[in-house]
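# Structural description and commentary
One letter stands for each residue in the lines below.
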Amino acid sequence: MAVLILCSTSFCCGNLGYGCVYADRRVSSAFGGKNGFLGGRNVGNFWVLRCGYMASWKKHRRKQLGFCVMNTPGEMVVVMGKLGKSLASEEVLRVLKSISDPNSAFSYFKSVAELPNVVHTTVTCNYMLEVLRAHRMVGDMVVVFEFMQKKIIIRDLNTYLSIFKVLDIRGGLRQAPIALKKMREVGFVLNAFSYNGLIHLVLQSGYLREALAVYRRMVSEGLKPSLKTYSALMVALGKRRDVETVISLLEEMESLGLRPNVYTFTICIRVLGRAGKIDEACGILKRMYEQGCGPDIISYTVLIDALCNAGRVNQAKEIFLKMKASSHKPDRVTYITLLNKFNDCGDLDTLKEFWDKMVSDGCPPDVVTFTILIDAFCKVGNMDEAFEKLNVMRKQGISPNLHTYNALICGLLRVNRVDEALELFGNLESLGIKPTTYTYILFIDYYGKSGQTGKALETFEKMQSRGFVPNIVACNASLYGLAEMGRLDEAKAIFNGLKDSGLAPDSVTYNVMMKCYSKVGQVDEAIKLLSDMLENHCEPDVININSLIDMLFKAGRVDEALGMYYRMKDMKLAPSVVTYNTLISGLGKQGRVQEAIELFESMTRFGCPPNTITFNTLLDCLCKNDEVDLALKLLFRMTKMNCRPDVLTYNTIIYGFIKENRVGIAIWVFFQMKKLLYPDYVTLCTLLPGVVKDGLVIDAFKIAQDFVYQVGIYMDRSFWGDLMGGILSEAGTDNAILFAETLVCNKICQDDSIFLPIIRILCRQKKALLALDLFTKFTRSLGVVPTVNVYNLLIDGLIGVHGTEMAWHLFEEMKNIGCSPDISTFNSLLDAHGKAGKIDKLFELYGEMICRGCKPNAITHNIVISGLVNSNNVEKAMDVYYDLVSGDFSPTPCTYGPLIDGLSKLGRLEEAQQLFEEMVDYGCKPNCAIYNILINGYGKTGDVETACELFKKMVNEGIRPDLKSYTILVDCLCLAGRVDDAMHYFEELKLTGLDPDLVSYNLMINGFGRSRRVEDALSLFDEMQSRGISPDLYTYNSLILNLGTVGMVEQAGKIYEELQLKGLEPNVFTYNALIRGYSVSGNPDHAYAVYQQMMAGGCSPNVGTFAQLPNQSVHT
């Protein structure tokens, strides 16, 4: 019997059993058939025998092709197959999985590893690592890991997780920096390839900080990261706007002798460009040339994109020309980038110029470029041209896509052509285009921003009903309208429902919610959202922080706003120019000028150069805080910092000098401005009031004259009205009149807008007669043709100073000169008749109004109803009301107020209540004034319970009671003797933030006095004075009367003396109260003394006086 026994190789060392392997699978018969006399078991292509058995193959002399011998406590494994090139990793994995003993498995793993060709893969190695980990065979795991490094087998996430687990490191790849130290201690030494791979794995898991720590350890061990690793780190850092670290990595790789390639340089350009560091990005391009690493198409395109985003279009064009001159000609992507950027910044002319270049360079327009062009026309509101390009596109055989139609729909909505947008939307499917969620978003966004929140939500629901799953953009658009209107509860419902629908809020969502909380004054809730963002792994962006800073400044929480700015560094957020502008503006409004200047000076140091808005913001801060000289110096610095002053810049400085009455310098700044820019309306409205005030009327006139003749300027009535309003405010009436006369005489302004503001201010000051004289001068002497506006002001003003007859003369005059009265004219005169009780005249004028074709409005009808009530014609007023509501008249609270008041005063409270309840039926919600009328009506009849119920109903309806509401209720309760209840409402009045006035204090003091609670009355008397409210004669009379009633006559006398010291003149009620007090307390002599003092003072007694005297015969 021929038996071949092979000794093990060095790989299988130790006390090993022996076995042989034949290529022929029929060798199984040598072992006694299917688990025959030799026993053992079949596993895949293995035959497992007990230790001590041998196999004999005498009949068939086959060549032995391979072997594998492994030591086990009680068995050996014979491999039935060739170990060589044909062995597959899948077979190896099956074998490994079939072996329960880790040592046997590891022996087999090593035998396969000895083969000349690499059979093991990441999967087999990871499996072996996991088996060894389960048995904590760390040393053997090191062997496997070193084998993987040696044979360059990829180490993936599972590789490292197995190692981390055996070292008891929890937290996955996030703990890589800590794990590396422990790994080295037990023998896991990473080579450069492993480090590079690990850094990529950590980055892919989103752990940038940890990836950088791994990188630092790698470098510290003297290993050199690959260019690919540097590029990956730079890309990740660029997304975080961490420019500083990106540039430091570039310097480090060069110090290690690695030469950046075009891809690395392009990443740096992109990162710097996105961070707004344009000069540095251009510097990278220059370095590329210097180092012989010529930029490619992508490098050029990325830099052009950055320049366009920064508004440096001319420089972008220069780079484009360099690109054309190089070997890397602009391609379709370059042109699309440029066209997109010109479209974004609204530069239609440049876009069309580059469109022509694109065509001439052999890049034919396609659906993408046509869509950009159409969108550009839509953005400037030129919809006709947009649809014309759509037709051209179709004629060239290019089919518009959904993006094209979305651009058109968006353009139509932008110019408020909603019906056409809806029509186009409705036709999409017939054109073979299926709308997407974005198409619906366009309408949701439009409705939200135009205040039509109901339609926005309706569109949102329609989108869902048609099977479109709302994305976060759709939800954001819906939230926007709610936030704008401060509808917090509905906004919170959508926001809280996002997670239920599987959507995660993004930075835009949070920003909209922050705005919503800010609208309703809940700044703290807005700030809490920042923590919520971080907890939900939604990284805040600079817009979120800018919003919070702005909210905090508006809430007066300046230090917290600055604290938010300082937190940006920790969040790896670079402040934008908007951040700085917001901070400077907020500090300026708080008068913290030095801090604003320091912040401004730091901008350039931190790589964020100021723009024109920044300068204007700081200039405003300086000029409003009396630092105008510093502002002028700052103006000179603008041009040195490549920042061009605009009209607002000069207007701000002019304002500063005018504010300090330094008119001469203000005029000098104005003329400096004219060398570069045309002044605008604001310039004149800022400068001329100060010039006129300084007495330089002729200079002001010349400036105005020059401005009027300026090319392209049209002066409308509002301009002259604003200008004259400013001059009136600053220079006074006389100077304003002089300036107006000068303009009219020199034909600069020939309409009544030049003197109308003067008429208005004189009428407000109850100087309507002077206004009439001025009117006569300008219209009759200077030839200005008056309009209905000035007539209305004068008529209203004259009626207000009881010059009704003159008002009627003006009314007749305006009709005679062909100036038709309008509804305001008639309403003023109708109101005058109504208040005078001239009902016949009122209806006569009403008839004339109808004959002239002037349709009455709600105010007219309310005036008629009020006039009838005032003349005690409540029944007729009610008839007019019912006639009106039977038509198309919509009543207002001013309709119901006089009617309810009239019925209440007649004691017809049931009818008043019925009318009150009718209001809602006609779509008119009662306001505070209506409730006050009804509460007063019930209170005066002694029905204080109903009065109190009405008050509570008003509060429950969400109507905030005013001071009059509380005063009426306090009065009613005091009259009913319910002083404690009255005091409850009086205290509530103070708690609501309203300040009690003299009337409310008098009512409470009198109420306490009549209830004989004079101590409480005196306490309130002291309180009102401590609040700065001076008592009047009614207050003193009430105290004197009530003190005398309770026998505190001496105290009453002191109060009498005090009122005289205050300069008040006692009246008959004062004397009567004193006389009554002395009489009741049994001091007739004092009572007569007061009577004699009263007579000597020239105060005539009344019936009450004699009734209080102890001996009523004294008057005879």
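Quick caveat: nothing in here was measured; it's all calculated off a predicted structure. (Residues numbered from 1 in each chain as written. Predicted model: local features only at pLDDT ≥ 70, side-chain atom pairs only at ≥ 80, totals over all residues. Heavy atoms only, no water.)

Moving on, we get to the overall build of the protein chain. On a plain count of helices and strands, the protein chain comes out with 58 helices and three strands. For the protein chain, the C-alpha radius of gyration of 46 Å lies well beyond 32 Å, the compact-globule estimate for 1116 residues. Each principal axis of the C-alpha atoms in the protein chain carries an extent, and together these give about 170 × 80 × 60 Å. Relative to its full complement of 1116 residues, the protein chain shows a buried share of 48%. Of the charged side chains in the protein chain, 117 are positive and 121 negative; the average position of the first set lies 14 Å away from that of the second. (Helix = DSSP H or I, 4+ residues; strand = E, 2+ residues; numbered from the N terminus. Rg over C-alpha atoms; globule rule 2.2 N^0.38 Å. Buried < 20%, exposed > 50% of the residue type's maximum accessible area, 1.4 Å probe, protein only. Lys, Arg positive; Asp, Glu negative; His and termini not counted. Charge placed at Lys NZ, Arg CZ, Asp CG, Glu CD.)

With that settled, the discussion passes to the packing of helix α20 (residues 418-427) against helix α21 (residues 437-449). The geometry of α20 relative to α21 is characterised by a closest axis approach of 11 Å and an angle of 165° between their N-to-C directions. Between α20 and α21, the angle falls in the class roughly antiparallel. The chirality of how α20 crosses α21 is left-handed. Contacts from Val418, Ala421, Leu422 and Phe425 in α20 reach Thr439, Tyr440, Phe443, Tyr446 and Tyr447 in α21. Broken down by class, the residue content of the contact of α20 with α21 amounts to eight nonpolar, one polar and no charged. (Axes fitted to C-alpha atoms, helices over the stretch in contact; angles between N-to-C directions. Parallel < 35°, antiparallel > 145°, perpendicular 65-115°, else oblique. Left-handed = near helix turned anticlockwise from the far one by under 90°. Contact = heavy atoms within 4.5 Å. Nonpolar A, V, L, I, M, F, W, Y, C, P; charged D, E, K, R; others polar.)

In this structure the tally under the stated criterion is zero disulfides. Of all cysteine sulfurs in the structure, the one in Cys851 sits closest to Cys854, which takes part in no disulfide; the separation is 12 Å. (Disulfide = S-S within 2.5 Å.)

Residues lying three or four places apart along an α-helix face the same way, a consequence of the helix completing one turn every 3.6 residues. Across its 13 residues, helix α12 (residues 278-290) extends 19 Å between first and last C-alpha, which sits within 8% of the 18 Å expected from 1.5 Å per residue. Buried within α12 are the following residues: Ile278, Ala281, Cys282, Ile284, Leu285 and Met288. For α12, the angular spread of the buried residues around the axis is 145°, confining them to a single face. Of the residues in α12, the exposed ones pointing more than 90 degrees away from the buried face are Asp279, Lys286 and Glu290. Each element contacted by the buried residues of α12 is listed here: α10 (243-255), α11 (262-274), α13 (297-309) and α14 (313-325). Backbone geometry just downstream of α12 places Gly292 in the positive-phi region, at approximately 75°. (Expected span 1.5 Å × (residues − 1). Arc of directions from axis to C-beta.)

Examined against the element boundaries, Glu91 turns out to sit in helix α1 (residues 89-98). There is a polar contact of 2.5 Å between the side chain of Glu91 and the side chain of Arg94. (Polar contact = N/O pair within 3.5 Å; in protein donor to acceptor, adjacent residues only side chain to side chain.)

With 360 residues, the main nonpolar core has Trp720, Phe739, Ile758, Ile900 and Met1004 as its most contacted residues. With 13 residues, the top contributor of residues to this core is helix α37 (residues 717-745). Filtering out sequence-adjacent residues up to four positions away, Trp720 remains in contact with Val708, Met715, Leu743, Ile748, Cys749, Ser753 and Ile754. (Core = buried A, V, L, I, M, F, W, Y, C linked by side-chain atoms within 4.5 Å.)

To continue, consider the pattern of salt bridges. Within the structure shown, the criterion is met by 45 salt bridges. Close ionic contact of Arg557 with Glu560 constitutes a salt bridge, the shortest N to O distance being 2.8 Å. On the basis of relative accessible area, Arg557 is assigned to the partly exposed category, the value being 22%. In this structure, Arg1013 and Asp980 form a salt bridge, with 2.9 Å as the shortest nitrogen-oxygen distance. With Arg1013 in the loop between α52 (998-1010) and α53 (1014-1026) and Asp980 in helix α51 (residues 979-991), the pair connects residues that are 33 residues apart, well separated along the chain. Accessibility expressed as a relative area gives 52% for Asp980, which makes it exposed. When salt bridges that share partners are traced, they join Glu987, Lys990, Asp995, Glu1023 and Arg1027 into one network. (Salt bridge = Lys/Arg side-chain N within 4 Å of Asp/Glu carboxyl O.)

Contact geometry for α12 and α13: axes closest at 10 Å, N-to-C directions at 160°. Relative to α13, the element α12 is oriented roughly antiparallel. Of the two possible hands of crossing, α12 and α13 adopt the one that is left-handed. Touching Ile278, Ala281, Cys282, Leu285, Met288 and Tyr289 of α12 are Ser299, Tyr300, Leu303, Ala306 and Leu307, all from α13.

Our focus in this paragraph is helix α46 (residues 893-905). Taking 1.5 Å per residue, 13 residues should reach 18 Å; α46 reaches 18 Å between its end C-alpha atoms and fits that length. All of the buried residues along α46 are Thr895, Tyr896, Gly897, Pro898, Leu899, Ile900, Gly902, Leu903 and Ser904. Looking at the buried side of α46, the elements it contacts are α44 (858-870), α45 (874-885), α47 (909-921) and α48 (928-940). In the stretch just after α46, Gly907 is the one whose phi turns positive, near 80°.

On the surface, Lys239, Arg241, Arg270 and Arg274 cluster together to form a positively charged patch. Relative to the assigned elements, Arg274 resides in helix α11. (Patch = residues over 30% accessible without salt bridge, like charges linked within 9 Å, V, L, I, M, F, W, Y side chains within 5 Å. Areas by Shrake-Rupley, 256 points an atom, 1.4 Å probe, with all protein chains shown as cover.)

Attention now goes to unusual backbone geometry. Excluding glycine, residues mostly have negative phi values, and the peptide bonds linking residues are mostly trans. Despite not being glycine, Asp168 has its phi angle at roughly 60°, a positive value. Position of Asp168 relative to the elements: it lies in the loop between α5 (157-166) and α6 (176-186). Despite not being glycine, Asn872 shows a phi value in the positive range, around 65°. Following the sequence through the fold, Asn872 ends up in the loop between α44 and α45. On the basis of relative accessible area, Asn872 is assigned to the exposed category, the value being 69%.

Okay, a nonpolar patch on the surface next. There is a patch of nonpolar side chains on the surface, built from Phe636, Ile665 and Trp668 and spanning about 290 Å² of accessible area. Within the element layout of this structure, Ile665 appears in helix α34 (residues 663-674).

The tally for this structure, following the rule as stated, stands at 34 aromatic pairs. Measuring from ring centre to ring centre gives 5.1 Å for Phe986 and Tyr1001, while their planes differ by 75°; the resulting arrangement is edge-to-face. Of this pair, Phe986 sits in helix α51 while Tyr1001 sits in helix α52, and the two are 15 residues apart along the sequence. Its relative accessible area of 0% is what places Phe986 among the buried residues. Exposure remark for Tyr1001: the relative accessible area of 0% places this residue in the buried category. An aromatic cluster of three or more residues is present, and its members are Phe320, Tyr335, Phe342 and Phe354. (Phe/Tyr/Trp six-rings, centres within 6.5 Å; stacked < 30°, edge-to-face > 60°.)

Right, let's talk about the environment of Gly448 for a bit. With respect to the element layout, Gly448 can be found in helix α21. As a C-alpha pair, Gly448 and Leu482 span 34 residues in sequence and 7.2 Å in three-dimensional space. With residues up to four places along the chain from it excluded, the contact list for Gly448 reads Ala456, Tyr480 and Gly481.

Turning to its location among the elements, Tyr510 is positioned in helix α25 (residues 507-519). Distance from Tyr510 to Asn544, taken between C-alpha atoms, is 7.5 Å for residues 34 residues apart in sequence. In this structure, Tyr510 is in contact with Phe495, Pro505, Leu529, Asp532, Met533, Asn536, Cys538 and Asn544, ignoring residues within four places of it in sequence. For Tyr510, the side chain forms a polar contact with the side chain of Asp532, separated by 2.8 Å.

Of the residues in the protein chain, 91% have a pLDDT of 70 or more, and the chain-wide mean is 84. When mean pLDDT is taken per element in the protein chain, helix α33 (residues 647-659) scores highest with 94 and strand β1 (residues 41-43) scores lowest with 40. Long-range and interchain partners of residues 1-85, a stretch whose pLDDT sits below 50, account for 140 contacts in this model, where long-range means more than four residues apart. (pLDDT = per-residue confidence, 0-100.)

Here the focus is the side chain of Ser1038. Relative to the helices and strands, Ser1038 is located in helix α54 (residues 1033-1045). Beyond its immediate sequence surroundings of up to four residues, Ser1038 is in contact with Ile1005 and Asn1006.

Let us look at the environment of Leu599. By secondary structure assignment, the location of Leu599 is in helix α30 (residues 593-605). Under the relative-accessibility criterion, Leu599 is labelled buried at 8%. Residues Leu599 and Tyr580, spaced 19 residues apart in sequence, show a C-alpha to C-alpha distance of 7.4 Å. In this view, Leu599 contacts Tyr565, Tyr580, Leu583, Ile584 and Leu587; residues no more than four positions away in its chain are not counted.

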